[in-house]
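# Analysis of the macromolecular model
Next come the chains, spelled out residue by residue.
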Amino acid sequence: MSYIYLPECRSTNSEALRLIEQQEAKEGTYIYTDCQTAGRGQMNTHWEAAPGLNITASLILHPSFLPPARQFMLSIVAALGVYDFAALYLPAETLAIKWANDLLYRERKLSGILVQCVLQQGIKAAVVGVGFNVNQAHFETPRAVSLHQITGRFYRLEDLHSQLRRCLLNRYEQLQNGESEQLVQSYLRRLWRLHQPAPYRDKQGIFEGVIRGIDPYGRLIVEHKEKAQSRLYDIKEIEFL
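I will try to describe carefully the structure that is included in this document. Values in this document were obtained by computation on a predicted structure and should not be read as measured data.

## Quick word on the overall build of the chain
- Within the chain, the secondary structure is distributed over five helices and twelve strands.
- The C-alpha radius of gyration of the chain comes to 18 Å, within 12% of the 18 Å expected for a compact globule of 241 residues.
- For the chain, the spread of C-alpha atoms along the three principal axes comes to 55 × 45 × 30 Å.
- Counting only contacts in the chain whose residues sit at least 6 apart along the sequence, the fraction spanning at least 24 positions is 63%.
- Put simply, the chain shows about 11,900 Å² of open surface, and 47% of that area lies on carbon and sulfur atoms.
- Seen as two clouds, the 27 positive and the 25 negative side-chain charges of the chain have centres 2 Å apart.

Right under this line is the structure:
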């Protein structure tokens, strides 16, 4: 079964991980729900999504060919797949990927992605969770935005799920075909603030820095302008100001 619909669940990623544990998860299985009661973002942050108005879904993959040290490639695949999906409805020049894998529309958050891997002598399985703001008109945070707010239109969610799944699988197929370097370059071309001076905060305080790329493990390379040297940052080690 390619699609599993749940009227309500804690999170589609949790449901996907349960299927993987029970050996019932075929590659390409897409789980989606109208109401996610405990949606999560990176590092257990909360994902805001009003019931029945947005995409909350997870795609199950079995990338056993990918070394665990290279699992960030799955985040690149996910970010590019969501970017491709958004570009079906919005001008590509208005979109950007915020490291690690948020999708921005004119610097406001349109989509968030959470990739979780199950490791067992390699990568046994991976779950790509996507929250995409579609028809929601109001958010608690002013940094969030939806397709409806941007275009003034309402969208049938049923029509969007198959498109999103196809966009994600198309990018995953590139990874399967050994096109890792092409994927990395596509990701960097869409990376927000690449080579642009901007303020950041790390554990040492606020500084002006310039994103120079990512290392092979997906860590962000940021050049500190005052110190004229670069540092590597993992998830949640740097804040964009």
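Next comes the rest of the description.
## Some remarks on the environment of Leu169
- Positionally, Leu169 belongs in helix H4 (residues 157-176).
- The spacing of Leu169 and Ile20 is 149 residues in sequence and 18 Å in space, taken between C-alpha atoms.
- Filtering out sequence-adjacent residues up to four positions away, Leu169 remains in contact with Gly28, Leu59 and Leu61.

## Some details on the sheet that holds strand S11 (residues 229-233)
- Strand order in the open sheet made by the five strands is S11-S10-S9-S8-S12, with antiparallel pairing throughout. Of all the strands in the sheet, the pair left with one neighbour each is S11 and strand S12 (239-240).
- Of the pairings in the sheet, the one linking strand S8 (residues 197-202) to S12 comprises two bridges and is antiparallel in character. Looking at the pairing, Tyr200 lines up with Phe240 of S12.

## Re the nonpolar core
- Of all hydrophobic cores here, the largest spans 65 residues; its most connected members are Ile55, Ile76, Trp99, Leu110, Phe132, Tyr187 and Leu220.
- It is helix H2 (residues 72-86) that contributes the most residues to this core, twelve residues altogether.
- In this structure, Ala16, Ala25, Ile60 and Ala125 belong to the second largest nonpolar core, which totals eight residues.

## Examining the pattern of salt bridges
- Under the defined criterion, the tally for this structure stands at eight salt bridges.
- In this structure, Arg171 engages Asp84 in a salt bridge whose closest nitrogen and oxygen atoms are separated by 2.7 Å. Of this pair, Arg171 sits in helix H4 while Asp84 sits in helix H2, and the two are 87 residues apart along the sequence.
- With relative accessibility at 10%, the residue Arg171 sits in the buried group.
- Asp84 gets classed as partly exposed once you look at its relative accessible area, which sits at 21%.
- The shortest N-O distance in the salt bridge between Arg201 and Glu239 comes to 2.8 Å. Here Arg201, found in strand S8, pairs with Glu239, found in strand S12; they are 38 residues apart in sequence, far enough to count as distant.
- For Arg201, a relative accessible area of 34% gives the class partly exposed.

Cut-off values and rules
Residues numbered from 1 in each chain as written. Predicted model: local features only at pLDDT ≥ 70, side-chain atom pairs only at ≥ 80, totals over all residues. Heavy atoms only, no water. Helix = DSSP H or I, 4+ residues; strand = E, 2+ residues; numbered from the N terminus. Rg over C-alpha atoms; globule rule 2.2 N^0.38 Å. Contact = heavy atoms within 4.5 Å. Areas by Shrake-Rupley, 256 points an atom, 1.4 Å probe, with all protein chains shown as cover. Lys, Arg positive; Asp, Glu negative; His and termini not counted. Charge placed at Lys NZ, Arg CZ, Asp CG, Glu CD. Pairing = 2+ DSSP bridges. Core = buried A, V, L, I, M, F, W, Y, C linked by side-chain atoms within 4.5 Å. Buried < 20%, exposed > 50% of the residue type's maximum accessible area, 1.4 Å probe, protein only. Salt bridge = Lys/Arg side-chain N within 4 Å of Asp/Glu carboxyl O.

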